[in-house]
Amino acid sequence: MTKRVLILPGDGIGPEIVAEAVKVLDRLAGEGLDIELDEGLVGGSAYDATGTPLPESTLQMAREADAVLLGAVGGPKWEPLDIAVRPEKGLLGLRAGLGLFSNLRPAILYPQLANASSLRAEIVAGLDIMIVRELTGGIYFGQPRGVRTLETGERQGFNTLVYAEHEIERIVRSACDIAMKRGRRVCSVDKANVLECTELWREVATRVVKQEYPEIELSHMYVDNAAMQLIKWPKQFDVIVTTNMFGDILSDAAAMLTGSIGMLPSASLNAKGQGMYEPIHGSAPDIAGKGVANPLATILSVSMMLRYSLDEAATADRIDAAVVEVLDQGVRTPDIMSDGMTEVDCAGMGDAVLAAL
Ligand code: NAD
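Residues numbered from 1 in each chain as written. Predicted model: local features only at pLDDT ≥ 70, side-chain atom pairs only at ≥ 80, totals over all residues. Heavy atoms only, no water.

Details of the site of the ligand
Looking at the ligand, there are 20 residues lining it, with Val73, Glu88, Gly282, Ala284 and Asp286 nearest. Measuring from a nitrogen atom of the ligand, one finds a backbone N or O atom of asparagine 294 at 2.9 Å. Here the ligand loses 68% of its free accessible area of 800 Å² to cover by the protein chains. Classifying every residue of the shell around the ligand by side-chain character gives 9 nonpolar, 7 polar and 4 charged. (Near = heavy atom within 4 Å. Polar contact = N/O pair within 3.5 Å; in protein donor to acceptor, adjacent residues only side chain to side chain. Areas by Shrake-Rupley, 256 points an atom, 1.4 Å probe, with all protein chains shown as cover. Nonpolar A, V, L, I, M, F, W, Y, C, P; charged D, E, K, R; others polar.)

See the structure below:
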């Protein structure tokens, strides 16, 4: 059956990097991959054209698609706007509208780029970890929340950390399903020594793995220790599963271990396996329009899409191998350039990946 992919270029470098990923999809379609591409507006460019960062037509197309490929949204032009219509609202609306509760953030450091990390090469070369972050619950959404005035007249800010059992079960399953395709090790990160909510998290994670994934080796770690271990010896991890806020912080730390923001893809999945795929970086207004952005994170997002939403693991492997080959050839965009390598622009990198495919 034909799979439908919605392309949302977005703002800043979004259209430039997405164009290179679309070249890859077009090539695969030409070779027989049964996909159909649609294109929609999101973010600041959608606001400019329609007055809202997430037009109803975009959300409708996203609901009907098997997967969404997003570039990036935002930029200084739209910062003065009211928060309700800022570009980022388009992203949040897509996540909520599609029920994308599972956020997959790989941190991979290709040995060819080990010198880009702020850590010593032997600590990070060959790093390959997957952080699975709960995306639609926890303290970012819990009620009640707000700022209230106490009887003393002092103001008090408050938020609520809540997780129901079914929310923990489904994110742990999501992590285990991924671990089954990798090293079969899951580390659940919590703060069970202080927070009752994550005490429940630990209990439910233990039950789900014991009952449903006996092949998986489950460990637990407090979030403060996990932050230390990520810097000390990141290669000890295979899959990390954690709450929305802990995942937000740990996944950025893990991404920065690699030192190459233009290389990292991400995925957000719902219960039906439908997903939104995007590079972890933003719209990079400082280099937008110059044609020099690194499109590899977006091309690797296509690989994740093939693997996790389109059931095309072998094709995903081909893309991953093409990226490795291009790095082996010494082809580099400016952000990952080093002595003795060949510098190319955004389109040049896309062409190199196509040639390697
Ligand atoms: P950013 O990720 O856009 O840029 C940070 C730095 O990394 C910049 O120097 C940029 O040039 C560089 N960079 C990023 N992607 C690159 C690539 N593919 N190739 C080469 N260099 C790259 O983060 P920022 O500057 O903090 O944010 C810029 C805008 O993006 C803001 O409006 C922010 O809100 C938005 N943003 C959007 C998303 C998203 O769409 N998911 C995520 C983060 C930030």
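Regarding the nonpolar core
Among the nonpolar cores identified, the biggest contains 88 residues, and Leu104, Val132 and Tyr277 are the most heavily contacted of them. For this core, the element with the most residues is helix α10 (residues 296-308), which contributes 8 residues. Residue contributions to this core reach at least three from each of two domains, namely domain 1 (1-105 + 261-357) and domain 2 (128-256). Other than its neighbours up to four places away in sequence, tyrosine 277 contacts Ala67, Val68, Leu69, Leu70, Ser266, Ala267, Leu269, Ser301, Met304, Met305, Tyr308 and Ser309. (Core = buried A, V, L, I, M, F, W, Y, C linked by side-chain atoms within 4.5 Å. Buried < 20%, exposed > 50% of the residue type's maximum accessible area, 1.4 Å probe, protein only. Helix = DSSP H or I, 4+ residues; strand = E, 2+ residues; numbered from the N terminus. Domains from an automatic or database assignment. Contact = heavy atoms within 4.5 Å.)

Thoughts on the domain arrangement of the protein
Under the domain assignment, the protein is made up of domain 1 (1-105 + 261-357) and domain 2 (128-256). For domain 1 versus domain 2, the separation of C-alpha centres amounts to 26 Å. Listed per partner, the contact involves 13 residues of domain 1 and 17 residues of domain 2. On the domain 1 side of the contact with domain 2, Phe101, Asn103 and Arg105 bury the most area, a combined 53% of that side's loss. Where domain 1 meets domain 2, there are 1 salt bridge. As a salt-bridge pair, arginine 105 and aspartate 252 come within 2.9 Å of each other at their nearest N and O atoms. There are 6 residue pairs in polar contact (both at pLDDT 80 or more) connecting domain 1 and domain 2. Counting residues per element, the side of domain 1 that touches domain 2 draws most heavily on strand β4 (residues 102-108), which supplies 4 residues. In terms of residue class, the side of domain 1 that touches domain 2 is made up of 8 nonpolar, 3 polar and 2 charged. (Buried area = accessible area lost by both parts, 1.4 Å probe. Salt bridge = Lys/Arg side-chain N within 4 Å of Asp/Glu carboxyl O.)

Comments concerning the packing of helix α3 (residues 56-64) against helix α4 (residues 87-98)
How two helices sit against one another is set out by the angle between their axes and by the gap between those axes. Axis separation between α3 and α4 bottoms out at 10 Å; the angle between their running directions is 40°. When the axis of α3 is compared with that of α4, the two are oblique. Helix-helix and strand crossings are classified by hand; for α3 and α4 the assignment is right-handed. In this structure, α3 uses Leu59, Ala62 and Arg63 to contact α4, whose residues at the interface are Gly93, Leu94, Gly97 and Leu98. Taken together, the residues that form the contact of α3 with α4 break down as 4 nonpolar, 2 polar and 1 charged. (Axes fitted to C-alpha atoms, helices over the stretch in contact; angles between N-to-C directions. Parallel < 35°, antiparallel > 145°, perpendicular 65-115°, else oblique. Left-handed = near helix turned anticlockwise from the far one by under 90°.)

Considerations on the sheet that holds strand β5 (residues 128-134)
An order of β2-β1-β3-β12-β11-β4-β5-β10-β8-β9 is seen for the 10 strands of this open sheet, with the pairing classed as mixed. A strand with exactly one partner marks an edge of an open sheet, and here the two such strands are β2 (35-39) and β9 (217-222). Direction aside, the axes of adjacent strands within the sheet are offset by 20° on average. Strands β5, β8 (185-190), β9 and β10 (239-242) of the sheet are contacted by helix α8 (residues 223-232), whose axis makes an angle of about 105° with β9. On the sheet, helix α9 (residues 244-258) packs against β4, β5, β8 and β10 and is oriented at approximately 155° with respect to β5. (Pairing = 2+ DSSP bridges.)

What about the environment of leucine 269?
Topologically, leucine 269 is positioned in strand β11 (residues 265-269). Separated by 167 residues in the primary sequence, leucine 269 and serine 102 have C-alpha atoms spaced 5.1 Å apart. With sequence-adjacent residues up to four places away left out, leucine 269 is seen in contact with Gly99, Leu100, Phe101, Ser102, Leu104, Gln274, Gly275, Tyr277, Tyr308 and Ser309.

Digging into the environment of aspartate 335
Mapped onto the secondary structure, aspartate 335 falls in the loop between β13 (331-332) and β14 (342-343). Taking the C-alpha atoms as reference, aspartate 335 lies 36 Å from histidine 220; in sequence the two are 115 residues apart. Excluding anything up to four places from it in sequence, aspartate 335 contacts Gly262 and Asn294. In this structure the side chain of aspartate 335 is engaged in a polar contact, spanning 2.7 Å, whose partner is the side chain of threonine 333.

Points about the environment of valine 323
With respect to the helices and strands, valine 323 occurs in helix α11 (residues 313-328). Taking the relative accessible area as the measure of exposure, valine 323 reaches 0% and is therefore buried. Non-local contacts of valine 323, meaning those with residues more than four positions away in its chain, are made with Tyr110, Leu296, Ile299 and Leu300.

Notes on the pattern of salt bridges
This structure, assessed with the given rule, holds 17 salt bridges. Between aspartate 190 and arginine 202 there is a salt bridge, with its nearest N and O atoms 2.8 Å apart. Placement of aspartate 190 in strand β8 and of arginine 202 in helix α7 (residues 196-212) is noted, with a sequence separation of 12 residues between them. Residue classification places arginine 202 among the partly exposed positions, given a relative accessible area of 22%. The network of salt bridges with shared partners includes Glu20, Lys23 and Asp351.

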